[in-house]
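Below are the chains, spelled out letter by letter.
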Amino acid sequence: MADEIVLLSTWPSMFGMRVRVALAEKGLKYEYREEDLLNKSPLLLMMNPVHKKIPVLIHNGKPISESMIIVEYIDEVWNHKSPLLPTDPYQRAQARFWADYVDKKLYDIGKKIILSTKGEEQETGKKEFIECLKLLEGELGDNPYFGGDNFGFVDVSLVTFSCWFHTYESYGNFSIETECPTLVAWTKRCLEKESVSSSLADPHKIHDFASEVRKRLGIE
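All values reported here derive from a predicted model rather than from experimental measurement.

Q: Just to check I follow, could you spell out the packing of aromatic side chains for this structure?
A: Both the distance between ring centres and the angle between the ring planes are used here to describe each pair of aromatic rings. Taken as a whole and judged by the stated rule, the model has 13 aromatic pairs. Their ring planes at 90 degrees and their centres at 6.2 Å tell us that Phe 15 and Phe 161 sit as a pair that is edge-to-face. In this pair, Phe 15 sits in helix 1 (residues 14-25) while Phe 161 sits in the loop between helix 6 (153-159) and helix 7 (165-172), placing the two residues 146 residues apart along the sequence. Residues Phe 15 and Phe 161 agree in their burial class; the two are buried. For the pair Phe 129 and Phe 174, a centre-to-centre distance of 6.4 Å together with 70 degrees between the ring planes defines the contact as edge-to-face. Of this pair, Phe 129 sits in helix 5 (residues 119-140) while Phe 174 sits in the loop between helix 7 and helix 8 (176-179), and the two are 45 residues apart along the sequence. Relative accessible area serves as the criterion here: at 0%, Phe 129 is assigned to the buried category. Taken together, the aromatic side chains of Trp 11, Phe 129, Trp 164, Phe 165, Tyr 168, Phe 174 and Phe 209 make up a single cluster linked through ring pairs. Just above the ring of Tyr 32 sits the side chain of Arg 20; from NZ or CZ to the centre is 4.3 Å.

In C-alpha cells form, the structure reads like this:
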C-alpha cells in the first residue's frame, strides 16, 4: 500500500518549506493543504493540539510536528535516497547543533528587522542577523554545502530563509551579499537543485506578504 503523506503548512513559512525540500529530495508525492493561521483548520488543531502550529506532516494518519523533527523523520523513514543526516554519530550531532542554532536565532532576529517600529531596535536586529550569518558562513567554510560535498540537514534548515533575504534587506537597509558573499554563493548553489527551487516561495511575494503583515499591525 502506498504511503499517504499530507503536509499542513502555509506558503510563506520557511519552516514549512523545509519539509517541502526534504520531501522533494526523497522524491515523495504528497498532498499539500494550505492553512490560514488566522482561522486554523480543525485538522491542524487535532493533529497538533499542543502547539497548534504548522508545519505538520501526517504520514498514514499519524502526525509529526516541528519542522526539523519532521525533516529527520523523513530522512529516517525514506532512507533509500538522498541522505540528509551523516552516518557518523559525531557529524550527526554537529548537524543537529547547527540546525538548532538556525532555529533559535534567525527567525526571531529576522522578525525584529521586519516588525520593529524603533530604529535602534531594528539596527540591533540587523547587527545580530549579520553576526549570525557570518558565523554560519564560517562553519560552511570552503565546502559546497554544510554537509560537505552533499546537500544535507543544515542546508535544509537554512536555505528556506533565503527567500526572506530580500525582505530583511529591504526593511533593514543592508546587503547580505556584501556582508556574506560566500553564504549567498551557497544559496545560489542550493537553488540550482530542483528540490530547493521548486519548494521555496518567490522573494517578491514574501516581501508583499510582510508588507501586508506590517499594515495589519499598523506599522506601515
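From this point, things continue past the structure.
Q: Quick question: what am I supposed to make of helix 3 (residues 67-77) here?
A: Three or four residues apart is the spacing at which side chains of an α-helix point the same way, because the helix has 3.6 residues per turn. Of the residues making up helix 3, those classed as buried are Ser 67, Met 68, Ile 70, Val 71, Glu 72, Ile 74 and Asp 75. Buried residues in helix 3 make contact with helix 1, strand 3 (56-59), strand 4 (62-65), helix 4 (89-115) and helix 6.

Thresholds, definitions, all that
Residues numbered from 1 in each chain as written. Predicted model: local features only at pLDDT ≥ 70, side-chain atom pairs only at ≥ 80, totals over all residues. Heavy atoms only, no water. Phe/Tyr/Trp six-rings, centres within 6.5 Å; stacked < 30°, edge-to-face > 60°. Helix = DSSP H or I, 4+ residues; strand = E, 2+ residues; numbered from the N terminus. Buried < 20%, exposed > 50% of the residue type's maximum accessible area, 1.4 Å probe, protein only. Lys NZ or Arg CZ within 6 Å of the ring centre and 35° of its normal. Contact = heavy atoms within 4.5 Å.

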